[in-house]
Amino acid sequence: MSTLTDEIARRRTFAIISHPDAGETTLTEKLLLFGGAIQLAGEVKARGERRRVRSDWMAVERERGISVSSAVMSFEHEGLAFNLLDTPGHQDFSEDTYRTLTAVDSAVMVLDAAKGIEEQTRKLFEVCRLRDVPIITFVNKLDREARDPFDLLDEIEQSLALDVTPASWPIGMGRDFLGSYDLFEDALLLFERGLGGQLVEPISCKGLADPALATRLPARAIAMLREQVEMARGLCPPFDLESYRE
């Protein structure tokens, strides 16, 4: 019995929710890659010999580049067993998504950095709110022209009535996007175009004052990062794990 209890206790089940085309299936692939479940991330609209995503296994999903059915993928990471649920974003299949969300411990809400909170995202968020599901927001597509990070934070806070605490901060955007800075772990994650689904290791730093940043980033980018992070930390409450879980 203790073995069964231990097995249950080490499981974490979470879903990814978003409006269509915000990038939830691509994020699913990256989480599987980072979790060690796969060796190479696939592409939603892969051509020729390029690897397709695992979660879109139906023929219609591969032809149209959309998720039609919910898919669950399991992987082990740091002694925990994760069940990752990739849900359909299109409203035609929303009933399947609503059912899926009854089984999760938490959810990752994916937003397009240029569009912010879209209609289907809001609907799925409300389903999670009714069930008191903790939510992490992931802002996607920063390598394209996007909205100001503070504008996005304000929309999430005002529109969804959430207390927001940034866990990472983007360095530039669009053509000038260089990567992101992990505010919890003080680590730099650089973005390199053309690497596709390859895993990139974060670079540990001794805070934003670390002189080593100058060897990785342009001086202008460092100055802007420091200024924006200082403002974000002043405006947003510190992360409270218990509040998040509640």
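Residues numbered from 1 in each chain as written. Predicted model: local features only at pLDDT ≥ 70, side-chain atom pairs only at ≥ 80, totals over all residues. Heavy atoms only, no water.

What follows covers the pattern of salt bridges. Counted under the stated rule, the structure contains 8 salt bridges. One salt bridge in this structure joins arginine 147 and glutamate 155, with 3.0 Å as the shortest N-O distance. Relative accessible area serves as the criterion here: at 19%, glutamate 155 is assigned to the buried category. Within this structure, Glu7, Arg10, Arg11 and Glu76 form a network of salt bridges that share partners. (Salt bridge = Lys/Arg side-chain N within 4 Å of Asp/Glu carboxyl O. Buried < 20%, exposed > 50% of the residue type's maximum accessible area, 1.4 Å probe, protein only.)

For the chain, the mean per-residue pLDDT works out to 82, and 79% of the residues sit at or above 70. For the stretch residues 41-51, pLDDT sits under 50, and the model shows 25 contacts to residues farther than four places along the chain or on other chains. (pLDDT = per-residue confidence, 0-100. Contact = heavy atoms within 4.5 Å.)

To continue, consider the environment of aspartate 210. With respect to the secondary-structure elements, aspartate 210 resides in the loop between strand S9 (203-204) and helix H7 (219-235). For the pair aspartate 210 and aspartate 186, spaced 24 residues apart in sequence, the C-alpha separation works out to 9.9 Å. Setting aside anything within four residues of it in sequence, one finds aspartate 210 in contact with Cys205 and Arg226. Here lysine 206 takes part through its backbone nitrogen, which lies 2.8 Å from a polar atom of the side chain of aspartate 210. (Helix = DSSP H or I, 4+ residues; strand = E, 2+ residues; numbered from the N terminus. Polar contact = N/O pair within 3.5 Å; in protein donor to acceptor, adjacent residues only side chain to side chain.)

Quick look at the sheet that holds strand S8 (residues 187-190) now. Pairing is antiparallel in the open sheet, where 4 strands are placed in the order S6-S7-S8-S9. If you trace the sheet from one side to the other, it starts and ends with strand S6 (168-171) and S9, each paired once. Running over the sheet, H7 touches S6 and strand S7 (179-182) and is turned about 150 degrees from S6. (Pairing = 2+ DSSP bridges. Axes fitted to C-alpha atoms, helices over the stretch in contact; angles between N-to-C directions.)

As enumerated under the stated definition, the model contains 6 aromatic pairs in all. Ring centres of phenylalanine 14 and phenylalanine 82 lie 6.3 Å apart, and the angle between their planes is 85 degrees; this geometry places the pair in the edge-to-face category. Residue phenylalanine 14 is found in strand S1 (residues 11-18), and its partner phenylalanine 82 is found in strand S3 (residues 80-86); the two are separated by 68 residues along the sequence. Each of the two residues, phenylalanine 14 as well as phenylalanine 82, counts as buried. Ring centres of phenylalanine 177 and phenylalanine 191 lie 5.3 Å apart, and the angle between their planes is 50 degrees; this geometry places the pair in the tilted category. Placement of phenylalanine 177 in the loop between S6 and S7 and of phenylalanine 191 in the loop between S8 and S9 is noted, with a sequence separation of 14 residues between them. Classification of phenylalanine 191 by relative accessible area gives partly exposed; the value is 30%. Every member of this aromatic cluster is reached through a ring pair, and the members are Phe14, Phe75 and Phe82. (Phe/Tyr/Trp six-rings, centres within 6.5 Å; stacked < 30°, edge-to-face > 60°.)

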